[in-house]
Amino acid sequence: MTDAEAHMMQLFCELHSEMPRQGPGGAAYTRQAFTMLTGLPPHAEVLDVGCGPGAQTLTLAALETGAITAVDNHAPYLAELRTAAEQQGLADRIRTAKQDMTALDFPAASFDLIWSEGAIYIMGFEAGLRAWRPLLRAGGFLAVTEATWLEPDPPAELAAFWGEGYPGMQNVEAALATVRAAGYRPLGHFTLPDSSWWTDYYTPLEARLAAFESHYQGDESARQISDMERREIALFRKYARYYGYVFYLMRLEP
Ligand SMILES: C[S@@+](CC[C@H](N)C(=O)[O-])C[C@H]1O[C@@H](n2cnc3c(N)ncnc32)[C@H](O)[C@@H]1O
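Let me begin by describing the structure that accompanies this report. (Residues numbered from 1 in each chain as written. Predicted model: local features only at pLDDT ≥ 70, side-chain atom pairs only at ≥ 80, totals over all residues. Heavy atoms only, no water.)

1. Here's the deal with unusual backbone geometry
Working note: non-glycine residues mostly have negative phi, and peptide bonds are mostly trans.
Line of reasoning, step 1. We note that Glu18 has phi near 55°; this positive angle belongs to a residue other than glycine.
Line of reasoning, step 2. Assignment of secondary structure puts Glu18 in the loop between α1 (3-15) and α2 (27-35).
Line of reasoning, step 3. By relative accessible area, which is 64% here, Glu18 ends up exposed.
Line of reasoning, step 4. Backbone geometry places Asp153, a non-glycine residue, at a positive phi of 55°.
Line of reasoning, step 5. Take Asp153: it is sitting in the loop between β5 (136-149) and α6 (156-165). (Helix = DSSP H or I, 4+ residues; strand = E, 2+ residues; numbered from the N terminus. Buried < 20%, exposed > 50% of the residue type's maximum accessible area, 1.4 Å probe, protein only.)

Okay, structure coming up:
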């Protein structure tokens, strides 16, 4: 990594620190998705991939009684999660592991459930579904949120932005076909409401952006980061009906 790249990364991480979440979501939607996993064994062994500061990890730990392994490649998020788990008396059931989601280092068939909110896009929906499958036990479950086109023919400026940011974004029908092709049976899906983008993510991010911009006035890297974040938020404000996060629940085909 060059010095310029390292500076950019440090600024990005600083802007995104101390936020309740690092993407759209909310405890109510984590709970709703969990209730759709009919047949999940008691004391399920869970892997949470791209856990960030762990909002959904803590919600899951209150929903089930097994152990949860929370993985992220950004150590400060894992430290935030460990602190919160200790405060909530959940430290004995939440383990953290700093790992790369593209090369997870766990024995095959280790988990009953793999969970991932707002993170599978990092390696791509299909690649993630296929790469994580061997880690599931027979009949294992997978629950992910994935950025999804909700309406056809998005406006050109929106299509251009996401065409660059996440060219693999599919509509629901195509995503479900990907689920089946990757060896899973879809159990259900639902779209997260617009409010789940604002409450714990864009609203605190906008508040942090104002302070970030004034602190880093004259820093070109900071300006680029801030422009990109503000553009993403402005597009969501304008075009939320065209895309969103969809929760996909699925189970390994026998
Ligand atoms: C959009 S955030 C979602 C975080 C969390 N699930 C939430 O909803 O708040 C994506 C997370 O993936 C992590 N991440 C990015 N690349 C990764 C990689 N290659 N391996 C593991 N985690 C990664 C980031 O550090 C970040 O915490």
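Next comes the rest of the write-up.
2. Digging into the pattern of salt bridges
Line of reasoning, step 1. A complete count under the given rule lists eleven salt bridges for this structure.
Line of reasoning, step 2. Between Arg130 and Glu126 there is a salt bridge; the shortest N-O distance is 3.0 Å. You can see Arg130 and its partner Glu126 sitting in helix α5 (residues 125-132), four residues apart, about one turn around the helix.
Line of reasoning, step 3. Classification of Arg130 as partly exposed rests on a relative accessible area of 36%.
Line of reasoning, step 4. In this structure, the salt-bridge partner of Arg223 is Asp227, at a minimum N-O distance of 2.5 Å. With Arg223 and Asp227 both in helix α9 (residues 220-239) and four residues apart, the pair spans about one turn of that helix. (Salt bridge = Lys/Arg side-chain N within 4 Å of Asp/Glu carboxyl O.)

3. Considerations on the layout of surface pockets
Line of reasoning, step 1. A volume near 1400 Å³ is recorded for the largest pocket.
Line of reasoning, step 2. Phe12, Gln22, Tyr121, Ile122 and Tyr201 are, among the 48 residues lining the largest pocket, the residues nearest its centre.
Line of reasoning, step 3. Elements that contribute at least two residues to the lining of the largest pocket include exactly α1, α3 (55-63), β2 (68-72), α6, α8 (195-215), α9 and β8 (243-252).
Line of reasoning, step 4. When residues of the lining of the largest pocket are assigned to their parent elements, the largest contribution, five residues, is made by α9.
Line of reasoning, step 5. Its residues placed into classes, the lining of the largest pocket shows 28 nonpolar, 13 polar and seven charged. (1 Å grid on protein atoms, 1.4 Å probe; cavity = no way out; pocket = protein on both sides within 12 Å on 5 of 7 lines; lining within 4 Å. Points joined across faces, edges and corners; volume = space filled by probe spheres on them. Nonpolar A, V, L, I, M, F, W, Y, C, P; charged D, E, K, R; others polar.)

4. Regarding the site of the ligand
Line of reasoning, step 1. Residues in close proximity to the ligand total 17 residues, the closest being Gln22, Gly50, Asp72, Met101 and Glu117.
Line of reasoning, step 2. A distance of 2.8 Å separates a nitrogen atom of the ligand from a polar atom in the backbone of Gly50.
Line of reasoning, step 3. One nitrogen or oxygen atom from the side chain of Asp100 is found 2.9 Å from a nitrogen atom belonging to the ligand.
Line of reasoning, step 4. Relative to its free-state accessible area of 590 Å², the ligand is covered by the protein chains to the extent of 87%.
Line of reasoning, step 5. Structurally, the ligand is housed in the largest pocket.
Line of reasoning, step 6. For the shell around the ligand, the residue count by class is four nonpolar, nine polar and four charged. (Near = heavy atom within 4 Å. Polar contact = N/O pair within 3.5 Å; in protein donor to acceptor, adjacent residues only side chain to side chain. Areas by Shrake-Rupley, 256 points an atom, 1.4 Å probe, with all protein chains shown as cover. Sits in = over half its atoms within 2 Å of the grid points.)

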